[in-house]
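Results of the structural survey
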Amino acid sequence: MSTKPNIHTILSPRLLDIYDVSNSIVVIIDVFRATSTIATALYNGATRVIPVDSVDKCIQIGKNTGGITAGERDGKIIPGLQYGNSPAEYPREFIAGKTLVLTTTNGTRLLHMALQCGASEVVTGSFPNISALCDHLQAQNKNVILGCSAWKDRFNLEDTLFAGAVIDKIKQHFTIHCDSSLMAENMYSLHKNDLKSFIRNTTHWHRLSEYGLEKDLEYCVTPDQANIVPIYRDGDLVVA
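Definitions and cut-offs
Residues numbered from 1 in each chain as written. Predicted model: local features only at pLDDT ≥ 70, side-chain atom pairs only at ≥ 80, totals over all residues. Heavy atoms only, no water. Helix = DSSP H or I, 4+ residues; strand = E, 2+ residues; numbered from the N terminus. Rg over C-alpha atoms; globule rule 2.2 N^0.38 Å. Buried < 20%, exposed > 50% of the residue type's maximum accessible area, 1.4 Å probe, protein only. Contact = heavy atoms within 4.5 Å. Areas by Shrake-Rupley, 256 points an atom, 1.4 Å probe, with all protein chains shown as cover. Lys, Arg positive; Asp, Glu negative; His and termini not counted. Charge placed at Lys NZ, Arg CZ, Asp CG, Glu CD. Core = buried A, V, L, I, M, F, W, Y, C linked by side-chain atoms within 4.5 Å. Salt bridge = Lys/Arg side-chain N within 4 Å of Asp/Glu carboxyl O. Axes fitted to C-alpha atoms, helices over the stretch in contact; angles between N-to-C directions. Parallel < 35°, antiparallel > 145°, perpendicular 65-115°, else oblique. Nonpolar A, V, L, I, M, F, W, Y, C, P; charged D, E, K, R; others polar.

Looking at the overall build of the protein
A tally of helices and strands in the protein yields 10 helices and 10 strands. Expected size for 240 residues packed as a compact globule is a radius of gyration near 18 Å; at 17 Å, the protein falls within 12% of this value. For the protein, the spread of C-alpha atoms along the three principal axes comes to 55 × 40 × 30 Å. Going through the 240 residues of the protein one by one, you find that 56% of them count as buried. The contacts in the protein between residues at least 6 apart in sequence include a share of 76% that link residues at least 24 apart. Of the roughly 10,200 Å² of accessible surface on the protein, a fraction of 48% belongs to carbon and sulfur atoms. Charged side chains in the protein number 22 positive and 25 negative. The centres of these two groups are separated by 2 Å.

Let's talk about the nonpolar core
The nonpolar side chains of soluble globular proteins are, as a tendency, buried together. Formed by 41 residues in total, the largest nonpolar core has its most connected members in F32, L146 and V166. Of all the secondary structure elements, the ones that give two or more residues to this core are β2 (24-29), α5 (130-140), β8 (143-148), α6 (157-170), α7 (179-191), α8 (195-198), α9 (203-209) and α10 (214-220). It is α6 that provides the largest number of residues to this core, a total of 7 residues. Those residues in contact with F32, other than ones at most four positions away along the chain, are E158, I199, T202, H204, W205, L208, L217, C220 and V221. One finds I38, I68, V122 and I228 within the second-largest nonpolar core, a separate group that totals 24 residues.

Focus: the pattern of salt bridges
Here the structure, examined in full by the defined rule, presents 8 salt bridges. Of the charged contacts in the structure, one is a salt bridge between R48 and D236, with a shortest N-O distance of 3.3 Å. One end of the pair, R48, is in strand β3 (residues 48-52); the other, D236, is in strand β10 (residues 236-239), and 188 residues separate them in sequence. Overall, D236 belongs to the buried group, its relative accessible area being 15%. R109 serves as the salt-bridge partner of D153, at 3.0 Å between the closest nitrogen and oxygen. Linking D153 in the loop between β8 and α6 with R109 in helix α4 (residues 107-116), this pair joins segments that are 44 residues apart in sequence.

Description of the environment of I130
Position of I130 relative to the elements: it lies in helix α5. Under the relative-accessibility criterion, I130 is labelled buried at 3%.

Notes on unusual backbone geometry
The omega torsion across F32 and R33 is 5°, close enough to zero to call that bond cis. Residue position: R33 is located in the loop between β2 and α1 (34-43). The backbone of N141 shows a phi angle near 55°, a positive value even though the residue is not glycine. Along the chain, the position of N141 falls in the loop between α5 and β8.

Remarks on the packing of α6 against α7
As a packed pair, α6 and α7 sit with axes 7 Å apart at the nearest point and diverge in direction by 90°. Between α6 and α7, the angle is such that the two are roughly perpendicular. In this structure, α6 uses L157, T160, L161, A163, G164, A165, I167 and D168 to contact α7, whose residues at the interface are S181, M183, A184, E185, M187 and Y188. A breakdown of the residues in the contact of α6 with α7 according to their chemical character gives 9 nonpolar, 3 polar and 2 charged.

Just geometry here; none of it tells us what the structure is for.
Below is the structure:
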């Protein structure tokens, strides 16, 4: 009888280095809003998204590639960059055929950490691409680490809720001996019928809604709006 691969959930980037990621697929989760934006841009025809962990690098790579530079700090476009971190900014008629160079506070940082730790594959996940992601994880039949980007290393509800939603969909194909995964799934099953009202309790919702981003945030918890799998290859996130 074949043994099933494992799923672990990491609730903050601070916890990544206590896991062996070398033979695992690491899923980068940054629901509000980096991974929702990445899936949306690629779904709408971007040729690639280049995730970078600093503003200077973002500007430089934008110049070198002719790409669109994007990033926010505290809900505002960073001076020197062209666009923000809203999925709504990247409709097909704007982004198709273009390169997006993206820097974010939490998600792009965790992605680079996972690569440095030797992850065998890095993909990104969000509610808009949850079904495509779950199909992909099932098909690979490898250990999975669900990496919550959190907020400045502090636990956040929305990323953990998404990890729970993934586990709920694919748990019969995996072995789960991981309390953070059990907690995430339990939280999701308690709130899956009222996600949009539950998510309004989160600190991130309060932080971002002050900038008038409620529509954005509701989109970010709506399943299957951008059903592709962004996978990291040679410096770029592309459609798997």
